Amino acid sequence: MSAVGHDQGQLAAYVLGGLTQAEAATFETHLANCPTCRREVRELSELRHHLDEVPPEAFLEGPPDGGDLLLQRTLRQVREEEGTQERKPRRLLAVAGAAVLVVVALGAGVLVGRQTSPEPSTVALPVPTATAPVPGTRDLAATNRDTGVQLAVRVVPAAGWVRLHAKATGVREGEKCALIVVTKSGERVNAGSWLVSEKGQREGTGVDGSALVAPGDVASVDVVTMDGRNLVSAQV
Ligand SMILES: [Zn+2]
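What counts and what doesn't
- Residues numbered from 1 in each chain as written.
- Predicted model: local features only at pLDDT ≥ 70, side-chain atom pairs only at ≥ 80, totals over all residues.
- Heavy atoms only, no water.
- Helix = DSSP H or I, 4+ residues; strand = E, 2+ residues; numbered from the N terminus.
- Buried < 20%, exposed > 50% of the residue type's maximum accessible area, 1.4 Å probe, protein only.
- Contact = heavy atoms within 4.5 Å.
- UniProt positions renumbered as here; feature names shortened; annotations may be inferred.
- Polar contact = N/O pair within 3.5 Å; in protein donor to acceptor, adjacent residues only side chain to side chain.
- Pairing = 2+ DSSP bridges.
- Axes fitted to C-alpha atoms, helices over the stretch in contact; angles between N-to-C directions.
- Phe/Tyr/Trp six-rings, centres within 6.5 Å; stacked < 30°, edge-to-face > 60°.
- Arc of directions from axis to C-beta.

## Here's the deal with the overall build of the protein chain
Next up, step 1: Broken down by element type, the protein chain carries six helices and eight strands.
Next up, step 2: Listing the helices and strands of the protein chain from first to last along the sequence gives α-α-α-α-α-β-β-β-β-β-α-β-β-β.
Next up, step 3: Within the protein chain, the fraction of its 236 residues that count as buried is 40%.
Next up, step 4: Restricting to contacts in the protein chain with at least 6 residues of sequence separation, those with at least 24 account for 61%.

## Thoughts on the UniProt feature "domain: Putative zinc-finger" (unreviewed entry) in the protein chain
Next up, step 1: Under the UniProt annotation, "domain: Putative zinc-finger" (unreviewed entry) lies at residues 10-38.
Next up, step 2: Within the segment residues 10-38, helix and strand shares are 72% and 0% respectively, and the terminal C-alpha atoms sit 13 Å apart.

## Considering the side chain of Asp 208
Next up, step 1: Within the element layout of this structure, Asp 208 appears in strand β6 (residues 205-211).
Next up, step 2: In terms of polar contacts, Asp 208 uses its side chain to reach the backbone amide nitrogen of His 30, at 3.5 Å.
Next up, step 3: Looking at Asp 208, its side chain comes within polar contact range of the side chain of His 165, at 2.9 Å.

## Digging into the sheet that holds strand β3 (residues 162-169)
Next up, step 1: The four strands are arranged β1-β2-β3-β6 in an open sheet whose pairing can be described as antiparallel. Each edge of the sheet is formed by a strand with only one pairing partner; in this case those strands are β1 (138-144) and β6. Adjacent strand axes in the sheet meet at a mean angle of 20°, parallel and antiparallel pairs treated alike.
Next up, step 2: In the sheet, β3 pairs with β6 via seven bridges, with the strands oriented antiparallel. For His 165, the partnering residue across the bridge sits in β6 and is Asp 208.

## Structural notes on the packing of aromatic side chains
Next up, step 1: According to the stated counting rule, one finds one aromatic pair in the structure shown.
Next up, step 2: Seen in terms of ring centroids, Tyr 14 and Phe 27 are 5.1 Å apart; in terms of plane orientation they differ by 50°. Their pairing is tilted. Taken together, the positions of Tyr 14 in helix α1 (residues 8-15) and Phe 27 in helix α2 (residues 21-31) put the pair 13 residues apart, joining distant regions of the chain. Each of the two residues, Tyr 14 as well as Phe 27, counts as buried.

## A few points about α2
Next up, step 1: Burial in α2 covers these residues: Ala 24, Phe 27, His 30 and Leu 31. The buried residues of α2 all sit within an arc of 115° when viewed along its axis, so they share a single face. Residues Gln 21 and Ala 22 are exposed on α2 and point more than 90 degrees away from its buried face.

## Some words on α1
Next up, step 1: For α1, the tally of buried residues reaches six of eight residues, placing the bulk of the element in the interior.
Next up, step 2: By the N-cap criterion, in which a side-chain oxygen at the helix start approaches the backbone nitrogen of a residue two or three places on, α1 is capped by Asp 7, the distance to Gly 9 being 3.1 Å.
Next up, step 3: The first or second residue beyond α1 is Gly 17, which carries a positive phi of 75°.

## Regarding the side chain of Thr 225
Next up, step 1: With respect to the secondary-structure elements, Thr 225 resides in strand β7 (residues 218-225).
Next up, step 2: Of note is the side chain of Thr 225, whose polar atom sits 2.5 Å from the side chain of Asp 227.
Next up, step 3: Among all residues touching Thr 225, those that are not within four sequence positions of it are Glu 175, Lys 176, Cys 177 and Leu 231.

Laid out in structure tokens, this is it:
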């Protein structure tokens, strides 16, 4: 379990195929429950598609200096593909082009592709993300007026346990938090933990987790600090 809430870099790497299988799987879990990121994946995919049309000369100058990890990873991938026997120039071009564009966009702090049509895209996503909701899925939400912390959490039943997709907002930077599933008998099961970043304080932190608690036995999902303060409790 890891916090992947609205991670632009990870999103871009995902679209460019720069994530490991495990990273991609984790990100897809977030994607399944985040319309915002789904839309950005779609828009980036469109951009990448359009870049197929850009002539190779456009990229001769190479990427800007000081490229980030994503760029390095993407370029490494491009180099590896270049080294193989079967060359796929158009694909390479698309990857390199998209990498440059992503770096430029990230550098400028601009959200990529916002000007594209809001209509549903016909461009295929790299992976299917449309999953039918699991029967019994519950969306819980709560606000604690004393702490100012808000929690929205989707509880998805599995066979004898639950998956959680949570977003906690209003927590101060530096707080060490845990997501706790409380059973009807009062047992407390840790479903994940994280450290609130500056961005997390500003925009909230998305956390995916799981807990060995029967779906029907969930009484609440809480966010607590490591030193035992209860920040918010979302009751079933
Ligand atoms: Zn998201």
